[in-house]
Structures are given as structure tokens and as C-alpha cells.
Amino acid sequence: MILANVRAKLYKEMGLKDEKLQEADFKRYILEHYTFLNRPVIIVNDKIFVGNSAKNVEAVITLLNNE
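Here is a short report on the structure shown in this document. No experiment lies behind these values; they were computed from the predicted model shown. (Residues numbered from 1 in each chain as written. Predicted model: local features only at pLDDT ≥ 70, side-chain atom pairs only at ≥ 80, totals over all residues. Heavy atoms only, no water.)

**Looking at the packing of aromatic side chains**
Then step 1. Tallying each qualifying case throughout the model produces two aromatic pairs.
Then step 2. Aromatic pair Tyr11 and Phe36: ring centres 6.2 Å apart, planes at 75°, arrangement edge-to-face. Of this pair, Tyr11 sits in helix α1 (residues 9-13) while Phe36 is found in the loop between α2 (23-32) and β1 (41-44), placing the two residues 25 residues apart along the sequence.
Then step 3. Grouped by ring-pair contacts, the aromatic residues Tyr11, Tyr29 and Phe36 constitute a single cluster.
Then step 4. The residue whose ring lies beneath Arg28 is Tyr29, and the NZ or CZ to ring-centre distance is 4.7 Å. (Phe/Tyr/Trp six-rings, centres within 6.5 Å; stacked < 30°, edge-to-face > 60°. Helix = DSSP H or I, 4+ residues; strand = E, 2+ residues; numbered from the N terminus. Lys NZ or Arg CZ within 6 Å of the ring centre and 35° of its normal.)

The values reported here are purely geometric and, on their own, carry no functional implication.
The following block contains the structure:
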């Protein structure tokens, strides 16, 4: 699961989209620049949803409505 926001403006400005980043690189960038953290992170029971895409929002709403 990727918690890094690869659509962040800074990500593109730094040219990171053209680099082959490892997990340690993503961790470092997330800790250095909060904009690299994809949010929100929603945890419901044993399911984790990262980001606010329409698909994720719909899935969270459906899951919560069925509880």
C-alpha cells in the first residue's frame, strides 16, 4: 500500500516521478514533507482506505452503512 501522494505538486517539482524510489525513500519524503502523505487514511475494522478518490469514499460509506 502506498501512502505517498504521487500527485503532490512538490513530488513533480522535485522530479521524483522520474526516479525509481524505494520504500525507504517514500518514508523519508513523507516525514520531511507532509504533502507527500496521501490522506485521508481511514481504518474501519480490518479495512484500510487511503486517499479521497470517489471509489474510496463510496466504499467507506457503503461499509459504514452496512455495520
